[in-house]
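Results of the structural survey
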Amino acid sequence: MSELSKEQLLDAYRMMRTIRDFEVRVHDEFAKGGIPGFVHLYAGQEASATGICMHLNDQDRIASTHRGHGHCIAKGVDVIEMMAEIYGKETGSCKGKGGSMHIADLDKGMLGANGIVGGGPPLICGVGLTHKMRKTDGVGIAFFGDGASNQGTTLESMNLATVWNLPCIFVVENNGYAEATSSEWSVSCDNYADRAAGFGMPGSNCDGHDFFAVYETAKEAIARARSGGGPSFIEVKTNRYYGHFEGDAQTYRADKEVEKVKAERDCLDMFRKKVTDANLLEHSDLDQIDKEIAALIDESVKQAEAANEPSAENLLTDVYVSY
Amino acid sequence: MSELSKEQLLDAYRMMRTIRDFEVRVHDEFAKGGIPGFVHLYAGQEASATGICMHLNDQDRIASTHRGHGHCIAKGVDVIEMMAEIYGKETGSCKGKGGSMHIADLDKGMLGANGIVGGGPPLICGVGLTHKMRKTDGVGIAFFGDGASNQGTTLESMNLATVWNLPCIFVVENNGYAEATSSEWSVSCDNYADRAAGFGMPGSNCDGHDFFAVYETAKEAIARARSGGGPSFIEVKTNRYYGHFEGDAQTYRADKEVEKVKAERDCLDMFRKKVTDANLLEHSDLDQIDKEIAALIDESVKQAEAANEPSAENLLTDVYVSY
Amino acid sequence: MARKITYQQAINEALDQEMTRDESVILMGLDIVGGTGSPGEMDAWGGVLGVTKGLYGKHGDRVMDAPISESSYIGAAVGAAACGMRPVAELMFVDFLGVCLDQIYNQAGKFKYMFGGKAETPVVIRAMYGAGFRAAAQHSQSLYSIFTHLPGLKVVLPSSPYDAKGLLIQSIRDNDPVIFLEHKMLYTMEGEVPEEPYTIPFGEANIVREGDDVTIVAFGRMVGLAAEVADKLAKEGISCDVIDPRTTSPLDEESILESIENTGRLVVVDESNPRCSMASDISELAVTKAFSSLKAGVQTVTAPHTPVPFSPALEDIYIPTPDKIEAAVRAVLK
Amino acid sequence: MARKITYQQAINEALDQEMTRDESVILMGLDIVGGTGSPGEMDAWGGVLGVTKGLYGKHGDRVMDAPISESSYIGAAVGAAACGMRPVAELMFVDFLGVCLDQIYNQAGKFKYMFGGKAETPVVIRAMYGAGFRAAAQHSQSLYSIFTHLPGLKVVLPSSPYDAKGLLIQSIRDNDPVIFLEHKMLYTMEGEVPEEPYTIPFGEANIVREGDDVTIVAFGRMVGLAAEVADKLAKEGISCDVIDPRTTSPLDEESILESIENTGRLVVVDESNPRCSMASDISELAVTKAFSSLKAGVQTVTAPHTPVPFSPALEDIYIPTPDKIEAAVRAVLK
Ligand SMILES: Cc1ncc(C[n+]2csc(CCOP(=O)(O)OP(=O)(O)O)c2C)c(N)n1
Ligand SMILES: Cc1ncc(C[n+]2csc(CCOP(=O)(O)OP(=O)(O)O)c2C)c(N)n1
Ligand SMILES: [Mg+2]
Ligand SMILES: [Mg+2]
């Protein structure tokens with residue numbers, strides 16, 4: 001914790017707060033009917049994307065999932081454009097053509113949210129391979145869920161990354177559920193480290209509510225990858241605050257499950273307590289960020305609502321570079 | 001070893017001898033130009049199919065690979081029909097429509113050789129599921145190679161079998177190569193038991209040249225599956241005597257690699273030595289089988305050569321039950 | 001038969017009745033129960049849009065959730081079918097065929113042929129398809145042309161609650177592998193559906209509107225749009241024969257050809273991308289087998305050769321509309 | 001340009017020259033080196049039929065073997081392409097698309113569109129296709145119609161050594177995902193091929209024979225058969241325009257339509273299964289855009305709606321033959 005500068009700590013908090021407020025707001029606006037389509041929110045899991053992406057620079061790349069807003073924000077994708085994208089507007093990150101499930105910004109090293117469970121890990125092998133061929137020290141991070149950890153594409157990619165000795169980190173965000181199905185049931189290993197071992201890579205896990213735990217765990221794995229030590233596997237134990245997608249009644253969850261996590265282990269609260277207890281930051285520093293972010297998110301919604309729908313010509317463009 | 005009756009020992013030897021002679025003969029006939037297509041021979045691996053299938057009855061089912069002749073024979077598929085199939089004749093197991101890569105006999109519980117690497121394991125989950133739904137004590141065995149152990153379909157199926165608690169056994173026949181690629185390179189785990197652990201099932205390995213080792217290892221796994229104890233994983237360490245397919249120059253192999261195995265650890269020789277040393281069988285018993293099988297294989301080739309090509313109408317039949 | 005239920009209820013009822021009739025019918029998919037292993041309610045979802053809701057309560061362990069491993073659970077359905085079960089596996093969105101197609105087309109679809117006739121694989125793969133849900137490029141496709149291209153598979157596209165029930169029961173009783181595709185925008189469509197089980201044979205088109213001026217062949221959700229256009233044009237004295245083939249494989253060529261021979265004019269309405277599509281397939285049928293009857297070039301109305309856009313504004317112009325169908329009918333009449 | 005090499009050598013040379021020209025070109029596949037990790041020789045195979053032989057020796061680690069995990073190594077190629085590399089991934093047989101299609105069509109093929117134009121994915125997927133090798137149902141298919149159906153992909157079907165080299169170089173330099181399909185029966189075909197690198201643009205058909213009586217559109221290996229028939233019929237005074245579109249996506253509609261407008265008669269020769277195929281696609285083109293020129297119904301010559309049989313006797317009648325093409329030409333002339 002002490003190794004992080006004040007600036008970095010503020011950045012970490014800002015990132016988590018941005019994700020949280022973004023998601024809470026999308027939840028509210030969706031409920032009001034302003035947002036179309038399938039929307040999967042990342043609230044509750046902020047420390048994961050943040051603790052990992054804090055280590056990354058623009059040459060490092062990540063692949064995300066259907067639950068991708070948090071990863072986008074942590075990788076530096078513009079929030080104003082993201083909100084517009086979720087509204088399907090022409091000012092969106094993807095000109096409104098992708099929506100929540102496909103937000104991307106390749107310039108920022110964000111290879112896209114992905115509508116296909118397990119779609120990302122093979123792509124990340126390609127990122128790792130690119131870095132290896134170009135002899136950079138860049139890395140690729142595949143974020144995926146506990147459900148996705150059973151998809152063949154994910155499993156194959158773990159093997160490939162070891163065999164090709166790629167600078168890739170496989171991050172399973174185990175939020176306990178794939179849709180309504182429990183990960184305790186659907187994941188056959190007792191411990192994800194066992195599965196990592198079955199693919200010849202080190203595996204570790206960490207408390208996904210604790211930014212510092214994630215940060216430290218990722219640090220080691222990323223350093224290993226950067227120095228040619230090959231892939232690693234990290235399980236982040238986390239919780240999602242909302243339903244699988246917006247509209248999910250969540251009757252499969254335990255009574256007060258989320259309330260309890262929110263009350264006892266919310267990542268923002270835990271962070272605030274740790275850094276203020278240790279006198280690294282003042283409450284006022286954090287309050288200031290809260291205010292800034294609230295304004296930013298307000299602005300993003302205002303701009304998204306005001307923006308134009310894509311015009312009809314857009315239907316036929318962007319299919320090919322040339323055809 | 002002593003638990004097997006004389007009859008059973010003779011059966012085991014007969015099975016292995018049949019496979020060997022069948023494959024040697026196919027090799028020879030292929031070289032002469034009598035056999036079309038891609039042909040992958042099982043010679044050298046006989047103890048694997050035999051040691052496992054000796055435990056099976058007709059309700060048990062197996063799925064095989066492109067290298068399927070041995071599994072067919074061990075599961076009781078008619079050798080005369082098999083040879084005719086490999087020749088593409090209308091008297092073949094599949095009326096000449098399948099060929100070497102697709103020989104099957106569902107009545108015998110043989111779900112087919114398979115041209116798709118990793119095609120079999122999902123099917124075997126279906127076999128296990130059928131037995132489970134019907135409350136029989138039947139099992140399903142997925143045979144696959146070291147190469148196939150990296151295919152997503154195989155990996156997913158291991159997870160599914162544990163999650164559904166299916167009576168399935170995953171048998172990787174590790175013959176050291178997938179085509180020309182070494183399994184030491186392509187398989188990321190140090191030990192297949194590690195990979196089994198990553199999918200929540202017991203894993204063990206055995207010497208695939210030693211019929212008795214395979215037999216004992218399989219016995220435990222199959223008994224567990226029959227009694228509701230769920231799936232298991234077995235690595236059979238083996239060698240193939242011929243190329244990946246007929247026509248392979250095999251320059252990727254070590255000098256004298258196969259000669260050495262043949263001289264020191266041939267499964268038929270080892271079996272003969274063990275059972276005669278222990279006075280369980282006489283050399284003459286085995287010689288008698290050798291003679292019978294030689295005649296059977298001769299006969300199979302004679303019949304295959306004499307049989308008719310499928311007639312033209314066959315092109316359009318058997319696509320659907322009704323259409 | 002006055003009872004009206006939705007397309008979605010019709011599917012649920014077909015599954016329920018067949019499971020009751022035949023012990024070998026089993027269901028598997030992702031969250032088709034929902035809540036498996038979870039601390040809360042079991043049968044919490046009954047499928048992502050609730051189509052299988054309640055079946056777990058009635059049929060227990062014969063309705064199974066699976067890990068997110070489409071190749072292996074759909075392959076398990078295929079393997080179980082080869083062992084005599086009648087599994088109905090749900091591929092949540094047809095867009096996901098890319099992670100499991102092998103088990104469908106190289107295994108299920110080819111067993112019978114490769115094994116010289118000595119296999120039957122009575123598996124049903126149910127999947128949602130179609131645009132209009134603002135679900136973007138990976139959850140909105142109409143990929144039935146791909147399945148239709150592949151021998152060994154049967155492909156079913158119900159366009160109404162009545163057809164959904166009868167065709168699904170037929171699919172389950174059928175002895176070949178069947179791809180049963182449900183348009184997600186039709187789930188809430190209401191229609192008259194008999195309570196008792198019934199089947200609709202494959203390869204028999206439904207003549208949705210009768211007419212002598214133009215033949216319109218339409219698929220799935222497009223059938224309703226075509227009928228709407230036909231009704232509108234009827235008021236002007238233009239009479240359209242609206243044909244819903246109901247299954248693209250097998251295809252009722254006869255009904256289509258008969259109609260073309262009568263009208264001499266053909267419009268094909270297909271929600272899928274245009275290349276190597278059902279629109280192409282029916283056009284080919286006309287020009288190879290009914291050329292001498294054709295009085296005009298064929299008109300096709302399809303989605304463009306683009307992925308499905310997320311933006312509602314763009315998606316609305318991506319999908320064939322009644323206006324475009326009407327324009328096509330007028331064009332063939334010119 | 002007197003030098004003659006085989007189709008297979010032309011492909012090898014194209015890969016070699018492009019790798020030499022551009023560091024970002026890398027190759028990956030199963031045993032495209034052969035011998036990786038093995039005690040014997042490295043580069044032992046150079047691909048299952050030897051097409052990439054020698055490239056490892058020249059380009060070292062830029063030619064990579066992979067574990068048998070098509071989704072992940074082809075996905076890796078896609079991911080690397082999105083990062084600016086120009087990977088050429090080999091899918092050994094196109095029949096294996098069932099285990100990796102998602103990375104090809106939902107990822108590579110849709111990135112640009114889903115991401116609002118802000119992505120380029122210059123990946124090439126090479127794969128063998130086609131019947132005639134006695135390789136049976138899972139190693140003999142012609143699945144190009146599927147790729148053609150899917151927006152975002154380009155699909156290339158070289159029919160000669162000259163085209164193989166020029167089209168492959170174009171594929172590698174192209175900035176979109178390209179499916180490059182090599183007919184396994186053409187590998188030994190010889191033809192004149194310039195030594196220097198050259199490109200053949202996509203979407204430009206090759207007029208293989210010129211004629212005024214009948215248009216024959218043929219794909220891949222069928223082009224040679226069609227030319228053979230044209231030569232035979234020329235002696236009788238029947239002149240055929242034989243068109244090889246070379247790429248099915250994009251398709252040179254113009255050349256085809258121009259020819260049909262001239263001849264009024266169309267035969268399409270397509271080795272694939274008939275439903276929703278290129279045969280359908282070209283038939284549709286004719287009947288939607290050149291109807292008034294058509295003097296007769298279109299004839300298609302395709303494989304039947306069955307898997308590919310193993311038996312040589314059956315496979316020989318499965319594949320379209322010159323006799324059948326000739327009969328089709330005579331039929332359109334009636
Ligand atoms: C190949 C594929 N199968 C199924 C789905 C449907 N689906 C979307 S998200 C999801 C659950 C994913 O669970 P997990 O990986 O744990 O991620 P989480 O939603 O918990 O973040 C499923 C089944 C899909 N999008 N793609
Ligand atoms: C999906 C798929 N990928 C690739 C191939 C080509 N292929 C056939 S056999 C083989 C090697 C298989 O190796 P292994 O599983 O070890 O079996 P072995 O040949 O050693 O018995 C390969 C790559 C295939 N048939 N299917
Ligand atoms: Mg989850
Ligand atoms: Mg092997």
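None of these values were measured; they are calculated from a predicted model.

Cut-offs and rules
- Within any chain, residue numbers begin from 1 and follow the written order of that chain's sequence.
- Labels are handed out in written order, letters beginning with A for the chains and numbers beginning with 1 for the ligands.
- Per-residue local features are limited, in this predicted model, to residues with pLDDT of at least 70; the limit for side-chain atom pairs, both in listing and counting, is 80 or more; totals at the level of whole chains, interfaces and linings are taken over all residues.
- Neither water nor hydrogens contribute to the side-chain values; these are computed over all heavy atoms in the structure.
- Here, residues are in contact when the closest pair of their heavy atoms is within 4.5 Å.
- Two parts placed together each lose some accessible area; with a 1.4 Å probe, that loss summed over both constitutes the buried area.
- Put simply, a salt bridge is a Lys or Arg side-chain nitrogen that is within 4 Å of an Asp or Glu carboxyl oxygen.
- Polar contacts here mean pairs of N or O atoms no more than 3.5 Å apart (in protein, one a potential hydrogen donor and the other a potential acceptor; neighbouring residues in sequence count only if both atoms are side-chain atoms).
- Where helices and strands are cited, they refer to DSSP runs of H or I of at least four residues and of E of at least two residues respectively, numbered from the N terminus.
- Three classes are used, and their members are as follows: Ala, Val, Leu, Ile, Met, Phe, Trp, Tyr, Cys and Pro are nonpolar, Asp, Glu, Lys and Arg are charged, and the others, Gly among them, are polar.
- In these notes, a set of buried Ala, Val, Leu, Ile, Met, Phe, Trp, Tyr and Cys residues joined through side-chain atoms within 4.5 Å is what counts as a nonpolar core.
- Exposure is judged per residue with a 1.4 Å probe applied to protein chains only, and the accessible area is read against the type maximum: over 50% gives exposed, under 20% gives buried, and values in between give partly exposed.
- Paired strands, as defined in this entry, are two strands with at least two bridges between them according to DSSP.
- Axis definition: a line fitted to C-alpha atoms, over the contacting stretch in the case of helices. Angles run 0 to 180 degrees between N-to-C directions.

With that settled, consider the interface of chain D and chain C. Contacts between the two partners involve 56 residues from chain D and, on the opposite side, 56 residues from chain C. Summed over both sides, the interface between chain D and chain C buries roughly 4500 Å², with carbon and sulfur atoms accounting for 61% of that surface. The interface formed by chain D and chain C contains 2 salt bridges. Here Arg275(D) and Asp281(C) are joined by a salt bridge, their closest N and O atoms 2.8 Å apart. Along the contact surface separating chain D from chain C lie 28 residue pairs in polar contact (both at pLDDT 80 or more). Those elements giving two or more residues to the side of chain D that touches chain C turn out to be α4 (101-114), α5 (144-149), β12 (247-249) and α9 (278-289) of chain D. Class assignment of the residues belonging to the side of chain D that touches chain C gives a composition of 27 nonpolar, 22 polar and 7 charged.

Turning our eyes to something else, we now look at the nonpolar core. Ranked by internal contacts, the top residues of the largest apolar core, which has 284 residues, are Trp164(A), Phe170(A), Trp164(B), Phe170(B), Phe147(C) and Leu181(C). Dropping the residues within four chain positions of it, Trp164(A) is found in contact with Leu129(A), Lys132(A), Trp185(B), Met28(D), Met64(D), Asp65(D), Ala66(D), Tyr73(D) and Ala76(D).

This part takes up the interface of chain A and chain D. Taken together, the 42 residues of chain A in the interface contact 46 residues of chain D. Summing both partners gives a buried area of about 3300 Å² for chain A against chain D, and 64% of it is carried by carbon and sulfur. Linking chain A to chain D there are 0 salt bridges. Applying the counting rule to chain A against chain D returns 19 residue pairs in polar contact (both at pLDDT 80 or more). For the side of chain A that touches chain D, the secondary structure elements donating two or more residues are α5 (120-134) and α6 (152-163) of chain A. If you tally residues by element for the side of chain A that touches chain D, the top one is α5(A), at 9 residues. Partitioned by chemical class, the residues of the side of chain A that touches chain D number 19 nonpolar, 16 polar and 7 charged.

Before going further, it helps to spend a moment on the sheet that holds strand β6 (residues 154-156) of chain D. Residue and element names in this part refer to chain D. Spatially, the 7 strands line up as an open sheet ordered β3-β2-β4-β5-β7-β6-β12, and their pairing is mixed. Whereas interior strands pair on both sides, the edge strands pair on one side only; in this sheet they are β3 (63-65) and β12. Here the average twist between neighbouring strands, direction ignored, is 20 degrees. Of the pairings in the sheet, the one linking β6 to strand β7 (residues 178-183) comprises 3 bridges and is parallel in character. Bridging across to β7, lysine 154 finds its partner in valine 178.

Any link to function would need more than the numbers given here.
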